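# Per-entry structural report
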Amino acid sequence: MHYLSARTMFSKEPITLVVSDTVARKRRPQMLRPTGSRSSYHVLRGQTLQLECIVQGLPTPSVRWVKKDSVMSETRVTRRNSNTLLHLSDVQKADEGQYQCTANNSQGTVTHVYNVVVEAAPYWRVKPVSQLYAPGEDVKLDCEADGIPTPQVSWSMNGSPLPEVDPDPRRIVKAGVLLLKNVDFYDTAVFQCKATNKHGSIVVNTYVYVIELPPQILTPTGQTYRVVEGGLTSLECRSFGSPMPQVSWESEDQTSVMSSSRVSQLIGGALHITNVTHDDGGLYTCSVTSANASITAELDVFDKTVITLPPSELRVQRGNVSVFTCVAQVDRRLEYELQWRKDGAKLDDSAEDDKYTFEGPELRVADVQDEDQGVYTCDVITVLDNAEASGSITIVDVPDPPNQPQVTNKKDRSVTLTWSPGEDNNSPITGYIVEVEVTGVETDDWMEWRRIVGNEQQAVLSLRPFLSYRFRVIAINDVGMSRPSQASDPHSTLAAPPDSNPVGVKSESVDPDQLVITWDEMDQQSFNGPAFQYKVMWRRVVGAGPAWSSNFSSSPPYVVTGVGNFTAFDIKVQAVNELGLAPDPVPAIGYSGEDVPLAPPMDPAVEVLNSTAIKVKWFPIAMETVRGHLLGYKIHLWHIGPMNVPHHHKDPGQHVHHQPPGITLSTGPTETHKVVADLQPYSKYVLRATVFNSKGEGVGSEPLLIHMPEGVPSPPADLELVSPSETEMTLHWKPPAQPNGLLTGYLVQYQQISETDYSPVQVVSIENPKITNMTINRLDPRSRYRFHVRGRTSKGEGKPITKEGATMLDGSPPAFINVSVGETLLNLSWASQERQRSVGFYLEYLRKGGWGKWVRSEKLDSSLSFYQLQGLQPGSEYRLRATYNNTSFWDTEVHTEGAGVMQVQAGFATEGWFIGLVSAVALLVLLLLILCFIRRSKGGKYSVKDKEEGHIDSEARPMKDETFGEYRSDNDDKHTASQPSLCDDSKLCSEDGLGLGDYGNSHSHSVQTEEITVLSY
């Protein structure tokens, strides 16, 4: 028997470890600790129990724990040290029983049973309560304890055991219960209850007070109690008095609340309600029956917090991100907090490494590693309740590679491959892939050889002779595939004759007089031995007897010459190596090369079916002239032209030699006729037939001239509708592009389009084919019409050309014109009337504030809907009007954009004659002023008297016709000291002292004449 206690470790002698190159022998599991098959353990309630199961074996045994007589408590059980240590915390009585450790590997199984006995030191189940009592009351003190073994309960009074206290018949002890009957004031005391077993003892004190007091309620009134649905609550009503007051509870409707099994009244007077519902909410009243005292309490019931979307059990690979989601339903009157815990420890935001991120109801765990495995719990906490749910993170990965596979049970054509799995990395292995590397072949890459479903750890593999093999194994789980295991040791097979022959043996003869035999080359793994080659054999099917001709070849094809054209042969190809031949192959039929056919189809003939189709017939050709596989016949047709157009070749066969056929049709080898459709009516064709095989076409038959009968014409090439008036429509059309015969006329049909489409069709027949227009009168201007024109030959009417239209109404100018204003232009637009003829109108404009005239534009077309008026002045106002038939039908005023330009206002002041008159008057006034100035100024050596006389004479002398008086030079006025006189340098001043003035007086008439000349100029 083993007891849990501290272990003492003793040092031992050192051990020498020697690693051997030999493969270790597999061993059955063997129990190292504890020894034997059974052991027993004693543990006290509340303590921790650890059971060890240490085994050895090869391969390493797997360990499994079970509780034989009940289910193991997984919440308090953890497995450690690769499942070799079972750790059970806070042991309870229910944990007692038999635990079994089972260790197994491929060599066997070993078990050990642990008998666990749980005992307990004394602990209280019911404690006595201290209380006030009134004289005459009975006191009952309950004291109940438990333990293993069962403890003994005893009572003391004021520290003295009851048996040592004076006996009193009012004190009775029964099964741990102390009864005090009819107590009095002197019974006030301290009572002790003690429970004892072999593991220890416990004591509790209880005070009994005997006193007499009036009843009163200690709990304040108007308190509100909040509880969630489904929970439990107690509405307090603590009272005081001696004897103890009796209280009662009533609901809001003054009915007793004790009728429900969920409601009870506690000893202290509190109203206790379990499994609360929303119907329990409301106002309650607590009252003392023996006094006029009561209080009220309100119960407010909230919705229970429920997690509707709990966290998931996540299986993730290292380095990935895990996201837990926790969605809860909370009473809208309550605030809540969402907390996350990992293995019981609270999680906080990790700002430094971003390991944990909280986003609403989500917890994001970044870069998941081994230390992140565990149980993650979301706790939704309110002030009244909380709800929690848990998920987990399990690190999964592809399996570790299996151990190096071993080749066993070696035979000529098979081996058994065995292996042991690596760690599954928390995702069970679901299968294996066996790969093979074959050396000595064209490719030595690893390739998949076998897939194994489940956890089988061996496979029987079929092999081929004369090859060297190596094998490796890949494990598969739900995450993916492991890395390949180490390759097995090479295994070589012995050589043998070939097992099979090549497939796809056939002839691919192309040239005449040759037999080309080909086949699909065998892969190197099928050679089975050295010196591999092919034995090619052939013989004629007819006339050559059973003898085979043969030769050897290392690869296809093999060519046999001198065998004639398209001759049948039995052919076969056999695999051969140094050790012998493969089984005899089944022969195939092959042919020597083909040549083009020698003869055309026999007696081709033509039957005309209608204007567009013929039927060509012939007799089957003699097969010996085909010189190959008959693939069919070909019909070639050359289109010469219409019947009424002569062609330049008198011999129809000339077309065959000068141009390719327009139509070529092929038939099968068994057909003897062919219908050719979609020919051109009223045309001439040349036909020639040939035979063809895979080599090509043979010679053609003699050309046959075919005359196609007339047909109905194609639709006219074009149809144009022109309306000369509101009730007339003129139709113009062009002849059909393909008359398909001799045109004899046209058929014109028209019909008024209505909603019912039942209006009668009017028909006009034109017998002259040269007429290509007609005018239809008396049409309804308000209706649309559908017009059809058909060509006609002796075979009937062709398909029509169709067009819809309506007559054109008399036009009118636009009712309204839109104007878009620019700086120097106006854009005018209007809506053209549908079905109305275009009319011409004018646009006139006048710049306001001037003397100009109205300017008329070019003639505008009402159907164009747009006109641009250019050449206007920026920032100016204009009047616009539109006229039709010299009548204005629209006018408006516009202001061009931009800054205005200052201009002379139009009027007579801008006329040329007025400008010339004003210029002449101004010049005359200027000359008069000059003359007056000369007269008044001093001149040269004139005397004052002469000047006065001259001045008087000048003023008094009447003006003659076309004269302005005496001319004087301006230099007389400008003679100063700084500027010499004209007399100093000019010959105009004489020696006798005559001045310019005198000269002027003597020659006044001539001077006046020159002045007139100057003015005239």
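Residues numbered from 1 in each chain as written. Predicted model: local features only at pLDDT ≥ 70, side-chain atom pairs only at ≥ 80, totals over all residues. Heavy atoms only, no water.

## Some details on the nonpolar core
This is how it is decided: The nonpolar core is taken to be a set of buried Ala, Val, Leu, Ile, Met, Phe, Trp, Tyr and Cys residues, with the residues joined through side-chain atoms within 4.5 Å. Note on exposure labels: buried denotes an accessible area under 20% of the residue type's maximum, exposed denotes more than 50%, and partly exposed covers the range between, all computed with a 1.4 Å probe on protein chains only. Here a strand is any run of E in DSSP of at least two residues, a helix any run of H or I of at least four, and the numbering for each starts at the N terminus.
Formed by 22 residues in total, the largest nonpolar core has its most connected members in I307, F324, W340, L363, V365, Y376 and I393. Secondary-structure elements contributing two or more residues to this core are β30 (313-316), β36 (362-365), β37 (374-381) and β38 (386-395). No other element matches the 4 residues that β38 contributes to this core. Membership of the second largest hydrophobic core comes to 21 residues, among which are V43, L49, V110 and Y114.

## So, the sheet that holds strand β35 (residues 356-359)
Sheet strands pair via backbone hydrogen bonds, and the direction of the pair is either parallel or antiparallel. Convention followed: Strand pairing is assigned whenever DSSP identifies at least 2 bridges connecting the two strands. Think of each axis as a best-fit line through the C-alpha atoms, taken over the contacting stretch in the case of a helix, with angles from 0 to 180 degrees between the N-to-C directions.
Within the open sheet, the 3 strands sit side by side as β31-β36-β35. Their pairing is antiparallel. Looking at strand neighbours, the two that pair on one side only are β31 (322-325) and β35, the edges of this open sheet. Mean inter-strand twist for the sheet, computed between neighbouring axes without regard to direction, equals 20°. Note that β35 and β36 share 4 bridges and pair antiparallel. Opposite T357, over in β36, you have R364 as the bridge partner.

## Observations concerning a nonpolar patch on the surface
As a reminder of what qualifies: Patch definition: residues above 30% relative accessible area lacking any salt bridge, with like charges linked at up to 9 Å and the nonpolar side chains Val, Leu, Ile, Met, Phe, Trp and Tyr linked at up to 5 Å. Reported accessibility uses the Shrake-Rupley method at a 1.4 Å probe radius. Residues are deemed covered only where the shown protein chains occlude them. Salt bridges are defined as contacts in which a side-chain nitrogen from Lys or Arg sits within 4 Å of a carboxyl oxygen from Asp or Glu.
A cluster of nonpolar residues, W913, L917, V921, V925 and L929, forms a patch on the protein surface that exposes about 520 Å² of accessible area. Turning to its location among the elements, W913 is positioned in helix α2 (residues 912-936). Assessed through its relative accessible area of 57%, W913 is described here as exposed.

## What about the environment of V516?
As a reminder, the rule being used: In what follows, a contact means two residues having at least one pair of non-hydrogen atoms within 4.5 Å.
Turning to its location among the elements, V516 is positioned in strand β47 (residues 514-518). Residue V516 is classed as buried on the basis of its relative accessible area of 11%. Distance in space between the C-alpha atoms of V516 and V560 is 6.3 Å, their sequence separation being 44 residues. Residues in contact with V516, not counting those within four places in the same chain, are K506, S507, E508, S509, P557, Y558 and V559.

## Let's talk about the state of the cysteines
Put simply, the rule reads: When two cysteine sulfur atoms are found within 2.5 Å, that pair is recorded as a disulfide.
Under the criterion given, the structure shown has 4 disulfides. Shown here is the disulfide that connects C53 with C101, its sulfur atoms set 1.8 Å apart. Its torsion about the S-S bond being -70°, the disulfide of C53 and C101 is classed as left-handed. Taken together, the residues span a long stretch of sequence, with C53 in the loop between β4 (49-52) and β5 (54-58) and C101 in strand β9 (residues 97-105) at a distance of 48 residues. Residues C53 and C101 agree in their burial class; the two are buried. Sulfur-sulfur distance for the disulfide between C237 and C286 comes to 1.8 Å. Here the disulfide of C237 and C286 is left-handed, its torsion about the S-S bond being about -80°. Here C237, found in the loop between β22 (233-235) and β23 (239-242), pairs with C286, found in strand β27 (residues 282-288); they are 49 residues apart in sequence, far enough to count as distant. Accessibility expressed as a relative area gives 0% for C237, which makes it buried.

## Regarding the side chain of E435
Our working rule: We define a polar contact as two N or O atoms separated by no more than 3.5 Å, with the added condition that, inside protein, one atom must be a possible hydrogen donor and the other a possible acceptor, whereas residues neighbouring each other in sequence contribute only through side-chain atom pairs.
Mapped onto the fold, E435 is located in strand β41 (residues 429-439). The buried category is assigned to E435, whose relative accessible area is 13%. Within the structure, E435 has its side chain in polar contact with the side chain of R472 (distance 2.7 Å).

## Section: the confidence of the model for the chain
To keep things clear, this is the line we draw: The score called pLDDT rates the predictor's confidence residue by residue, from a low of 0 to a high of 100.
Averaged over every residue, the pLDDT of the chain is 83; the share at 70 or more is 86%. Counted against residues more than four places away or in other chains, residues 1-10, with its pLDDT under 50, gives 13 contacts. Scored below 50 in pLDDT, residues 940-1017 shows 58 contacts in the model against residues more than four places distant or in partner chains.

## Quick notes on the packing of aromatic side chains
The criterion, for reference: Under the pairing criterion, centres of Phe, Tyr and Trp rings, with the six-membered ring standing for Trp, must be within 6.5 Å; the plane angle then separates stacked pairs below 30 degrees from edge-to-face pairs above 60, leaving the rest tilted. Charges are assigned to positions over rings by a cutoff of 6 Å between ring centre and Lys NZ or Arg CZ, combined with an angular limit of 35 degrees from the ring normal.
One pass over the structure, following the stated rule, counts 20 aromatic pairs. Between W449 and Y469 the ring centres are 6.1 Å apart and the planes differ by 70°, which places this aromatic pair in the edge-to-face class. Of this pair, W449 sits in strand β42 (residues 447-453) while Y469 sits in strand β44 (residues 468-477); the two residues are 20 residues apart in sequence, bridging distant segments of the chain. Linked through ring pairs, W519, F527, F532 and Y534 together constitute an aromatic cluster. Here the basic side chain of K572 rests over the ring of W548, its NZ or CZ set 4.5 Å away from the ring centre. The ring of F692 is capped by K634, whose NZ or CZ atom sits 4.9 Å from the centre of that ring.

## With respect to the side chain of N528
Assignment of secondary structure puts N528 in the loop between β47 and β48 (533-540). At a separation of 2.9 Å, a polar atom in the side chain of N528 contacts the side chain of D499. Discounting chain neighbours no more than four positions away, the residues touching N528 are R413, P465, F466, A495, A496, P497, P498, D499 and N577.

## Structural notes on the sheet that holds strand β26 (residues 271-273)
Strand order in this open sheet of 3 strands is β22-β26-β25, and the pairing throughout is antiparallel. For this open sheet the edge positions go to β22 and β25 (263-265), each flanked by a neighbour on one side alone. Between one strand axis and the next, the sheet turns by 25° as a mean value, whatever way the strands run. One ladder, built from 3 bridges, connects β25 with β26; its direction is antiparallel. Looking across to β26, one finds that V263 is bridged to I273.

## Let's talk about the pairing of β44
For β44, the tally of buried residues reaches 9 of 10 residues, placing the bulk of the element in the interior. Direction of pairing for β44 relative to strand β45 (residues 491-492): antiparallel, over a ladder of 2 bridges. Following the sheet pairing, Y469 is matched in β45 by H491.

## Overview of the environment of D891
Along the polypeptide, D891 turns up in strand β77 (residues 887-895). On a C-alpha basis, the gap between D891 and Y845 in space is 9.4 Å, while along the polypeptide they are 46 residues apart.

## Re unusual backbone geometry
Glycine aside, negative phi is the norm for most residues, and most peptide bonds take the trans geometry. Following R33, the chain continues into P34 via a peptide bond in cis, with omega recorded as -10°. As for its position among the elements, P34 is in the loop between β2 (27-33) and β3 (38-44). A cis amide bond links P556 to the next residue, P557, at an omega of -5°. Tracing the backbone through its elements, the reader meets P557 in the loop between β49 (549-553) and β50 (558-561). Even without glycine at this site, D90 takes up a positive phi of about 50°. Here D90 shows up in the loop between β8 (85-88) and β9. Residue classification places D90 among the partly exposed residues on the basis of a relative accessible area of 38%. Located in the positive-phi region is N886, a residue other than glycine, with phi close to 60°. Mapping N886 onto the fold places it in the loop between β76 (877-884) and β77.

## Here's the deal with the pattern of salt bridges
Enumeration according to the criterion identifies 37 salt bridges in this entry. When the shortest N-O distance is used, the salt bridge between D280 and R262 registers 2.9 Å. Of this pair, D280 sits in the loop between β26 and β27 while R262 sits in the loop between β24 (247-250) and β25; the two residues are 18 residues apart in sequence, bridging distant segments of the chain. Take D280: its relative accessible area is 10%, and that puts it in the buried class. Classification of R262 as partly exposed rests on a relative accessible area of 22%. Ionic pairing is found between K848 and E893, a salt bridge with its closest N-O pair at 3.2 Å. One end of the pair, K848, is in the loop between β72 (840-847) and β73 (855-856); the other, E893, is in strand β77, and 45 residues separate them in sequence.

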